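# Examining the three-dimensional arrangement
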Amino acid sequence: MTDRNDQISRDMFIAELMRYRKGSVSRRHFLGVTGLGAATAVLGSAMPGLRGAAWAQEGIGDRVVLASWPNYHDPANFEAFAAATGAAVDMNVFGSNEEMLAKLQAGGSGWDVFVPTNYTISTYVAEGLIQPLDLSRIPNYDLASFDARFAEPGTVDGQVYAVSRNWGTTGFAVNTAMLNGAPKPVSWKEFWDMTMDAFSGRSMVHDYQLTTIGNALKYFGYSFNSVDPKELADAEKLLMDAKPHLFAINSDYQPSMRSGDAWMTVCWTGDAKQLHNDMPEIEYVLGKEGGELWSDFLAIAKDAPHPDAAYALINYLLDPAVNAKEVLFHGYPVADKRVLALLPPEMLQDPIMFPAAELLSPLEFGAAVTLTDPNRAELMARFKAA
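Residues numbered from 1 in each chain as written. Predicted model: local features only at pLDDT ≥ 70, side-chain atom pairs only at ≥ 80, totals over all residues. Heavy atoms only, no water.

### Topic: the pattern of salt bridges
Scanning the model with the defined rule gives 14 salt bridges in all. One salt bridge in this structure joins Arg165 and Glu326, with 3.1 Å as the shortest N-O distance. One end of the pair, Arg165, is in strand β6 (residues 162-175); the other, Glu326, is in helix α16 (residues 320-330), with 161 residues separating them in the sequence. Grouping residues by exposure puts Arg165 and Glu326 together as buried. We note a salt bridge from Asp336 to Arg338, for which the minimum N-O separation is 2.7 Å. What makes Asp336 buried here is its relative accessible area of 0%. A relative accessible area of 22% places Arg338 in the partly exposed class. (Salt bridge = Lys/Arg side-chain N within 4 Å of Asp/Glu carboxyl O. Helix = DSSP H or I, 4+ residues; strand = E, 2+ residues; numbered from the N terminus. Buried < 20%, exposed > 50% of the residue type's maximum accessible area, 1.4 Å probe, protein only.)

### Considering the packing of helix α11 (residues 209-217) against helix α12 (residues 229-242)
One way to put it is that α11 packs onto α12 with a least axis distance of 8 Å and a crossing angle of 100°. Judged by the inter-axis angle, α11 sits roughly perpendicular to α12. Here Thr212, Ile213, Ala216 and Leu217 of α11 come into contact with α12, specifically with Glu231, Leu232, Ala235, Leu238 and Leu239. Taken together, the residues of the contact of α11 with α12 break down into seven nonpolar, one polar and one charged. (Axes fitted to C-alpha atoms, helices over the stretch in contact; angles between N-to-C directions. Parallel < 35°, antiparallel > 145°, perpendicular 65-115°, else oblique. Contact = heavy atoms within 4.5 Å. Nonpolar A, V, L, I, M, F, W, Y, C, P; charged D, E, K, R; others polar.)

### Structural notes on the environment of Asn180
Relative to the helices and strands, Asn180 is located in the loop between β6 and α10 (188-195). As a C-alpha pair, Asn180 and Ala198 span 18 residues in sequence and 9.9 Å in three-dimensional space.

### Observations regarding the packing of aromatic side chains
Counted according to the given criterion, the structure contains 21 aromatic pairs. For the pair Phe199 and Trp263, a centre-to-centre distance of 5.2 Å together with 80° between the ring planes defines the contact as edge-to-face. One end of the pair, Phe199, is in the loop between α10 and β7 (203-205); the other, Trp263, is in the loop between α13 (254-259) and β9 (264-268), and 64 residues separate them in sequence. Residue Phe199 shares its accessibility class with Trp263, and that shared class is buried. Taken together through their ring pairs, the aromatic side chains of Trp69, Phe94, Trp111, Tyr208, Tyr253 and Trp268 make up a single cluster. Against the face of Tyr72 rests Arg165, its NZ or CZ located 4.9 Å from the ring centre. The lysine or arginine in question, Lys243, covers the ring of Phe383, its NZ or CZ lying 5.5 Å from the ring centre. (Phe/Tyr/Trp six-rings, centres within 6.5 Å; stacked < 30°, edge-to-face > 60°. Lys NZ or Arg CZ within 6 Å of the ring centre and 35° of its normal.)

Remember that the coordinates give geometry; whether it matters functionally is a separate question.
Laid out in structure tokens, this is it:
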């Protein structure tokens with residue numbers, strides 16, 4: 001960082017970042033005030049990717065279709081990609097890996113690049129829905145720079161099908177201003193008990209069986225990934241008891257938390273970071289019983305209509321300087337040490353993005369069986385229909 005950025009306070013940096021994300025100030029203003037403009041200029045001379053030549057390609061067509069998660073990308077990066085390549089990024093937003101799988105299984109998704117989570121990749125390979133990647137077309141991917149535990153799920157039977165984008169946790173966000181002096185909850189048991197009591201009508205869960213069922217299982221101390229019929233029956237009873245007390249079942253929960261309609265929600269890392277930055281009273285909790293640790297990837301659909309543009313977009317998003325801008329926008333940690341070296345110290349020290357080891361150790365990566373297990377799918381369908 002430049003001397004100017006070293007001098008800016010943490011609160012001022014976050015305030016300017018939020019103003020930029022909301023469109024209140026220009027990109028030029030944000031980079032200038034925070035000192036990142038000077039840093040970007042220096043990095044641009046050292047990293048060819050910033051100058052455009054390393055990822056700007058001609059003849060890739062006029063569009064690329066990306067299927068990704070809510071609040072997950074910096075629109076300014078997409079604008080820069082389109083300006084340099086002539087290919088506009090059309091984004092489709094989805095709320096669960098089940099939704100993404102069903103769309104690809106149905107055919108004709110029109111997607112070029114999609115963002116699968118670690119536990120799903122082997123299923124995509126088995127069903128022939130994903131392309132093996134030609135890494136020579138992704139020069140910005142340097143496996144040695146990535147934390148192996150977050151990158152390895154992209155390789156199946158020795159073939160790379162997906163490259164690491166970022167990682168995170170699944171906990172819950174709670175508006176502490178609504179606790180009326182009560183202690184902040186620290187467990188999934190408290191999450192569900194409060195949902196059915198003091199926060200009745202104010203809690204949200206994901207429209208996503210992995211996290212909603214998984215964190216109901218944690219109430220009883222079961223594995224997040226359980227497919228045991230007796231344990232799933234216990235989780236279903238809890239979910240059915242909680243259903244009348246929920247505000248909504250929705251994976252895009254930020255608007256309701258920001259408006260105050262919802263006071264607590266199952267939540268992913270980046271959403272928690274974004275909410276807390278804007279509303280410090282909203283705090284992030286990793287339930288002490290455990291929960292989910294996950295990593296997301298960039299992959300190309302088997303029937304991608306614009307494969308050249310797909311490779312160009314993935315290579316662009318993996319440019320360390322571009323990826324650092326993504327992190328500044330969305331607040332999800334990355335496994336690429338080249339990117340970490342470009343981030344402000346306050347982000348690297350943020351406990352939402354980088355939780356303490358004792359909070360991470362009980363977490364589980366999602367298991368492939370949960371994606372296709374019929375009992376979990378049917379349970380979620382009954383829960384939503386109730």
